[in-house]
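# Descriptive analysis of the structure
Spelled out, the chains give:
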Amino acid sequence: VGPKTVHFWGPAANWGLVVAAIADGNKPVEKISVRMTTTLFFYSCMFMRFAWMVQPRNMLLFACHASNASMQLYTLSRVYSAELQKKKVAAVEKAN
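Residues numbered from 1 in each chain as written. Predicted model: local features only at pLDDT ≥ 70, side-chain atom pairs only at ≥ 80, totals over all residues. Heavy atoms only, no water.

## A word on the overall build of the chain
- Tallying secondary structure elements over the chain gives three helices and zero strands in all.
- For a compact globule of 96 residues, the expected C-alpha radius of gyration is about 12 Å, and the chain comes in at 18 Å, more than 25% above that figure.
- Projected onto its principal axes, the C-alpha coordinates of the chain cover approximately 65 × 25 × 15 Å.
- With 96 residues in all, the chain has 24% of them scored as buried.
- Put simply, 75% of the contacts in the chain that link residues at least 6 apart link residues at least 24 apart.
- With an accessible surface of roughly 6700 Å², the chain has 67% of that area assigned to carbon and sulfur atoms.
- Placing the 11 positive and 4 negative side-chain charges of the chain at their respective mean positions leaves the two points 12 Å apart. (Helix = DSSP H or I, 4+ residues; strand = E, 2+ residues; numbered from the N terminus. Rg over C-alpha atoms; globule rule 2.2 N^0.38 Å. Buried < 20%, exposed > 50% of the residue type's maximum accessible area, 1.4 Å probe, protein only. Contact = heavy atoms within 4.5 Å. Areas by Shrake-Rupley, 256 points an atom, 1.4 Å probe, with all protein chains shown as cover. Lys, Arg positive; Asp, Glu negative; His and termini not counted. Charge placed at Lys NZ, Arg CZ, Asp CG, Glu CD.)

## Structural notes on the side chain of N68
- With respect to the secondary-structure elements, N68 resides in helix α3 (residues 59-95).
- Contacts of N68, omitting those with residues within four sequence positions, involve L17, V18, A21, L40 and S44.

## Section: the environment of L61
- Its location among the elements puts L61 in helix α3.
- Linking L61 and F50, residues eleven residues apart in sequence, is a C-alpha distance of 9.0 Å.
- Residues in contact with L61, not counting those within four places in the same chain, are G10, P11, N14, F50 and A51.

## Re the pattern of salt bridges
- Scanning all chains against the criterion turns up two salt bridges.
- Taking the shortest distance from any N to any O, the salt bridge between D24 and K27 comes out at 3.3 Å.
- We classify D24 as partly exposed; its relative accessible area is 21%.
- Here K86 makes a salt bridge to E30, at a shortest N to O gap of 4.0 Å. One end of the pair, K86, is in helix α3; the other, E30, is in the loop between α1 (6-24) and α2 (34-53), and 56 residues separate them in sequence.
- Judged by relative accessible area, which is 52%, K86 ranks as exposed. (Salt bridge = Lys/Arg side-chain N within 4 Å of Asp/Glu carboxyl O.)

## Things to note about the confidence of the model for the chain
- For the chain, the average pLDDT comes to 91, and 99% of its residues sit at 70 or higher.
- The spread of mean pLDDT over the elements of the chain runs between α1, the lowest at 85, and α2, the highest at 95. (pLDDT = per-residue confidence, 0-100.)

Here's what the structure looks like:
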């Protein structure tokens with residue numbers, strides 16, 4: 001594993017996805033695409049498995065996709081928390 005191999009440059013390029021997910025942490029919930037976030041989560045899960053199964057194991061790629069999957073789940077949890085909050089507020093307003 002070194003700068004002259006795909007085992008280095010593949011994960012290095014994929015860290016851009018993690019950086020983008022971290023940047024989405026500050027984005028208003030209304031601007032987050034649930035479809036794209038869900039797709040990125042499953043994409044990272046599939047490539048975590050690939051990174052684990054390929055010989056030799058590519059732990060850099062595995063770590064990159066594990067980080068991305070975690071950030072995508074966090075982003076999805078923000079969206080669904082906001083939706084639940086809106087429903088609670090709407091129910092309280094309707095009751096009054």
